[in-house]
Amino acid sequence: MDAARRREVLQALGIELWVARAADLETPAGDEPVSSGPAESAVPVSPEAPAPVPESPAAPVAGLDWPDLESSVAGCRRCGLSEERTQTVFGVGARTADWMIVGEAPGAEEDRQGEPFVGAAGQLLNQMLRAVGFRREQVFIANTLKCRPPGNRDPHADELAACRPYLDRQIELVRPRLLLVVGRIAAQALLASDLPIGRLRGRVHTLPGLGIPVVATYHPAYLLRSPEQKRRAWHDLLLACSVAAPEGDGGAR
Ligand code: URA
């Protein structure tokens, strides 16, 4: 990327332009500050207070095609979140995308519209994608949970487990060249780790099972609250590009 384009991109992301000393870029991930906000705190996924799980057996998800997977999600009653949702939020975008983005769970606006990342955090996510050459519709965007947790609380472990087969099948169907996971909850869930996001970001992981490269970064909602971390998120995006560079058409196969 040439210097002028880089300047433009950094400005679009709201990153102040300054020249980093080498040491700034070499900070080991383990020394990253752990965020102050709830979405990025170091606490592992909460195992307590399981939501009531309805008794009807969950229909199998393995092997479903897109239409069947979509209707299975729409009718899902695997956990108590189904009682409170306006609608499920399946995921959106190119089903042959090179990059798949995985966030945490729908918020109020996503629950209303049935689409992931349509609120303020979604606007920033769009800008982040744009900064590396993707339009939103050129990637596939999904969440670890397909239903909104009430009051935007953190997902419970049993909810994540109940919903996981849907995400796994989406990943299998898209078969992206890269998974960009945003935020602690999604990163810990996909990487089966309880490390804080500051330790998970900044390097390339491999998705257990499918072997797809995974880059974790801060959640855009956290970046809105902590804009000083945007610089690190930008480095994560560049790292993701080094694994699967966006092509002229955004990479959709
Ligand atoms: N935050 C997420 O993690 N996902 C959404 O869809 C919206 C906000």
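Preceding this section is the structure that the text describes.
Below or above, wherever it landed, is the structure these notes cover. (Residues numbered from 1 in each chain as written. Predicted model: local features only at pLDDT ≥ 70, side-chain atom pairs only at ≥ 80, totals over all residues. Heavy atoms only, no water.)

## Considering the site of the ligand
Put simply, the rule reads: Near is defined per residue: the residue qualifies when any heavy atom it owns lies within 4 Å of the molecule or strand. Identification of polar contacts relies on pairs of N or O atoms within 3.5 Å, with a donor-acceptor requirement for protein atoms, meaning one able to donate a hydrogen and the other able to accept it, and with residues adjacent in sequence counted only if both atoms are side-chain atoms. Accessible areas in this description were obtained via Shrake-Rupley with a 1.4 Å probe; residue shielding takes into account the shown protein chains only. We call Asp, Glu, Lys and Arg charged. Ala, Val, Leu, Ile, Met, Phe, Trp, Tyr, Cys and Pro are nonpolar, and the rest, Gly among them, are polar.
Near the ligand you find Gly103, Glu104, Ala105, Glu110, Pro116, Phe117, Asn143 and His219, and these make up its full shell. The separation between a nitrogen atom of the ligand and a polar side-chain atom of Asn143 is 2.8 Å. With the chains in place, 91% of the 240 Å² that the ligand exposes on its own is no longer accessible. Across the shell around the ligand, the residue classes tally to three nonpolar, three polar and two charged.

## Considerations on the pairing of strand β3 (residues 140-143)
Looking along a regular strand, one sees the side chains alternate between the two faces of the sheet. The condition that has to hold: Here the term buried applies to any residue with accessible area under 20% of the maximum for its type, exposed to any over 50%, and partly exposed to those in between, with areas from a 1.4 Å probe on protein chains only. Runs of H or I in DSSP of at least four residues are treated as helices and runs of E of at least two as strands, each being numbered from the N terminus. Two strands pair under a simple rule: DSSP has to find at least two bridges between them.
Along β3, one buried face is formed by Phe140 and Ala142 and the opposite face, lined by Ile141 and Asn143, is buried too. Across two bridges, strand β1 (residues 92-93) lies against β3 in antiparallel orientation. Directly across from Gly93, in β3, lies its bridge partner Phe140. As paired elements, strand β2 (residues 99-103) and β3 share four bridges and run parallel to each other. Each bridged residue has a counterpart across the sheet, and for Met100 the counterpart in β3 is Phe140.

## Some thoughts on the pattern of salt bridges
Stated precisely, the cut-off is as follows: Put simply, a salt bridge is a Lys or Arg side-chain nitrogen that is within 4 Å of an Asp or Glu carboxyl oxygen.
Considering all chains together, one arrives at eleven salt bridges under this definition. Linking Glu247 and Arg177 is a salt bridge whose minimum nitrogen-to-oxygen distance equals 3.5 Å. Here the residue Glu247 occupies a position in the segment after α10 (230-243), and Arg177 occupies one in the loop between α6 (157-174) and β4 (178-182), the gap between them amounting to 70 residues. A salt bridge links Arg201 to Asp236; the nearest nitrogen and oxygen atoms lie 2.8 Å apart. Here the residue Arg201 occupies a position in the loop between α8 (197-200) and β5 (204-206), and Asp236 occupies one in helix α10, the gap between them amounting to 35 residues. In this structure, Arg201 and Asp236 share a single accessibility class: buried. When salt bridges with common partners are traced through the structure, they connect Asp98, Arg177 and Glu247 into a single cluster.

## A closer look at empty space enclosed by the protein
The criterion, for reference: Of the two site types, the cavity is a set of points on a 1 Å grid over the protein atoms alone where a 1.4 Å probe fits but cannot get out, and the pocket is an open set with protein on both sides within 12 Å along at least five of seven lines, each lined by residues with an atom within 4 Å of a point. Grid points are joined across faces, edges and corners, and a volume is the space filled by probe spheres set on the points.
Inspection of every chain in the model, using the stated rule, returns two cavities of 30 Å³ or more. If you add up the space inside the largest cavity, you get close to 100 Å³. Lining the largest cavity are 15 residues, with Cys76, Arg78, Cys79, Cys147 and Cys163 positioned closest to its centre. Here the element with the most residues in the lining of the largest cavity is α6; it accounts for four residues. Broken down by class, the residue content of the lining of the largest cavity amounts to nine nonpolar, one polar and five charged.

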